[in-house]
Amino acid sequence: MDAVRPSPFETRQRVVGYALLLFMGLIWGLALSLSKLAALNGGHPIGLALWQVSVSGTMLLIAAIVSGKAPPLRRDVVKFNLICGVTGVAFPAIALFWSALKLPAGIVAISFASMPLFTYLLSVIFGLERSTVRRLAGVFLGLAAITLLVGPEEALPAPDLAPWVLLAIAASVSMSLENFVAGGYRPEGVSSLQLSCGRQYGAAVFLAPLALVSGTSIALMGEWGVVHWAATATGVISGVAYTCLLHVIKTSGPVFASQAAYVITLAGVGWGMIIFSE
């Protein structure tokens, strides 16, 4: 029996999916270096994370209102936004800003190789994806890369930096959990733009009290420096990239979308070489 050929729509959808993976990986890889730049110039991880979600949330809210589709306040949507805000933004942002302060940007990027593995495992366990030997072998290659990174003593500038690598990997695992939630529990009748906006404000609900208690908020008024501009650029990238990610998860599934992590790894290493001469 001849294999069923994909329809023109399916072919176009596949091409768009791969193009968005490449785009997300390139700009998210840049965001890792920008995070490091902001942290090295005095920004605190909690304050930087709050600034990032405030920028991205405001940008996406304006875009949603202009398009005539303001984010709904339905109970299921709010719940989705809070869960994704914590797992996909609040914790990963703090962890990555802190890791970027201690590690080369390229090593932080390499930690993202674990994201497809954990997204795949969650999707198979809960029935969102079908298990195949080829897929499992592919995602385990990412885990092997992490082992090669952390194992040899020469892989890190100093052996005591290994815990910071684990923190970066924890951020990747947390984002894998968000990919799973976005793939299996996405509210009906809500666009990717609306959910992306709500996710930023869901993160702000948790980050704002932390920044207030710790006194780490970044001042809006006054002269803007490297911290402001780098954190703002990171916020813009986060908003754009996550909107694309939600679209790819919706059209191609969470495991396919999580493969952006491999592009992030390569792009992050490249940006680290360009910006920091790593």
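Conventions and cut-offs
Residues numbered from 1 in each chain as written. Predicted model: local features only at pLDDT ≥ 70, side-chain atom pairs only at ≥ 80, totals over all residues. Heavy atoms only, no water. Helix = DSSP H or I, 4+ residues; strand = E, 2+ residues; numbered from the N terminus. Buried < 20%, exposed > 50% of the residue type's maximum accessible area, 1.4 Å probe, protein only. Contact = heavy atoms within 4.5 Å. Areas by Shrake-Rupley, 256 points an atom, 1.4 Å probe, with all protein chains shown as cover. Axes fitted to C-alpha atoms, helices over the stretch in contact; angles between N-to-C directions. Parallel < 35°, antiparallel > 145°, perpendicular 65-115°, else oblique. Left-handed = near helix turned anticlockwise from the far one by under 90°. Nonpolar A, V, L, I, M, F, W, Y, C, P; charged D, E, K, R; others polar. Phe/Tyr/Trp six-rings, centres within 6.5 Å; stacked < 30°, edge-to-face > 60°. Lys NZ or Arg CZ within 6 Å of the ring centre and 35° of its normal. Salt bridge = Lys/Arg side-chain N within 4 Å of Asp/Glu carboxyl O. Core = buried A, V, L, I, M, F, W, Y, C linked by side-chain atoms within 4.5 Å. Patch = residues over 30% accessible without salt bridge, like charges linked within 9 Å, V, L, I, M, F, W, Y side chains within 5 Å.

> Go over the overall build of the chain with me, naming the residues and quoting the values.
Summing up its helical and strand segments, the chain has eleven helices and zero strands in all. Counting helices and strands in the order they occur from the N terminus, the chain gives α-α-α-α-α-α-α-α-α-α-α. Here the chain, with 278 residues, has 49% of them falling under the buried criterion. When contacts within the chain are restricted to residue pairs at least 6 apart in sequence, those whose partners lie at least 24 apart make up 88%. When the accessible surface of the chain is summed, it comes to about 13400 Å², and 70% of that surface belongs to carbon and sulfur atoms.

> Can you explain the packing of helix 3 (residues 75–102) against helix 7 (residues 162–184)? Please cite residues and give values.
Two quantities define a packed helix pair, namely the angle between the helix axes and the distance between the axes. Packing of helix 3 against helix 7 leaves a shortest axis separation of 8 Å and a crossing angle of 160°. Judged on the interaxial angle alone, helix 7 and helix 3 are roughly antiparallel. In this structure, helix 3 meets helix 7 at a crossing whose hand is left-handed. Here the residues of the contact of helix 3 with helix 7 are counted per class, giving 18 nonpolar, four polar and two charged.

> Please set out the packing of aromatic side chains residue by residue, giving values where relevant.
Counted by the stated rule, this structure contains four aromatic pairs. Look at W51 and W224: their rings are 5.4 Å apart centre to centre, the planes differ by 70°, and that puts the pair in the edge-to-face class. Placement of the pair is W51 in helix 2 (residues 45–66) and W224 in the loop between helix 8 (192–214) and helix 9 (226–252), with a sequence separation of 173 residues. Among the aromatic side chains, those forming a connected cluster through ring pairs are W51, W224 and W229. Sitting over the ring of F276, K36 keeps its end group 5.7 Å from the ring centre. If you follow R199 out to its NZ or CZ, it ends over the ring of Y242, 3.4 Å from the centre.

> Residues and numbers for the pattern of salt bridges, please.
Within the structure shown, the criterion is met by two salt bridges. In this structure, the salt-bridge partner of R74 is D76, at a minimum N-O distance of 2.8 Å. Judged by its relative accessible area of 34%, R74 is partly exposed. For D76, a relative accessible area of 35% corresponds to the partly exposed category. As a salt-bridge pair, E178 and R199 come within 2.8 Å of each other at their nearest N and O atoms. Of this pair, E178 sits in helix 7 while R199 sits in helix 8, and the two are 21 residues apart along the sequence. According to the relative accessible area criterion, R199 is buried, its value standing at 2%.

> Could you give an account of the packing of helix 1 (residues 8–40) against helix 9, naming the residues involved and the relevant values?
The interhelical angle for the contact between helix 1 and helix 9, taken along N-to-C directions, is 155°, at an axis separation of 9 Å. On the basis of their axis angle, the class for helix 1 and helix 9 is roughly antiparallel. For the crossing formed where helix 1 meets helix 9, the hand is left-handed. Across the contact of helix 1 with helix 9, the residue classes tally to 22 nonpolar, seven polar and no charged.

> Would you mind going over the nonpolar core in detail, with residue names and values included?
Within the largest apolar cluster, 42 residues are counted, with the highest numbers of intra-cluster contacts made by M24, W28, L32, F112, Y242 and L245. Listing elements by their share of this core, those giving two or more residues are helix 1, helix 3, helix 4 (105–110), helix 7, helix 9, helix 10 (254–258) and helix 11 (260–276). Not counting residues within four places of it along the chain, the set of residues in contact with Y242 comprises W28, C84, E178, A182, S196 and R199. Among the nonpolar cores identified, the runner-up in size contains 22 residues, and L50, W51, V53 and I218 belong to it.

> Lay out the environment of A219 in plain terms, naming residues and giving numbers.
Secondary-structure assignment places A219 in the loop between helix 8 and helix 9. Along the chain, A219 and W51 lie 168 residues apart, while their C-alpha atoms are 9.5 Å from each other. If near-sequence neighbours (up to four positions away) are discounted, A219 is found in contact with W51 and H228.

> Please give an account of a nonpolar patch on the surface that cites residues and values.
A contiguous nonpolar patch, built from L73, V78, L82, V205 and F206 and spanning about 460 Å² of accessible area, is present on the exposed surface. Elements with a contribution of two residues or more to the nonpolar patch: helix 3 and helix 8. On the secondary structure map, V78 appears in helix 3.

> Report on the environment of V226, specifying residues and quantitative values.
Looking at the secondary structure, you find V226 in helix 9. Its relative accessible area of 39% is what places V226 among the partly exposed residues. Along the sequence, V226 and G43 sit 183 residues apart, while their C-alpha atoms lie 9.3 Å from each other. Apart from residues no more than four positions distant in its own chain, V226 is found in contact with L37 and N41.

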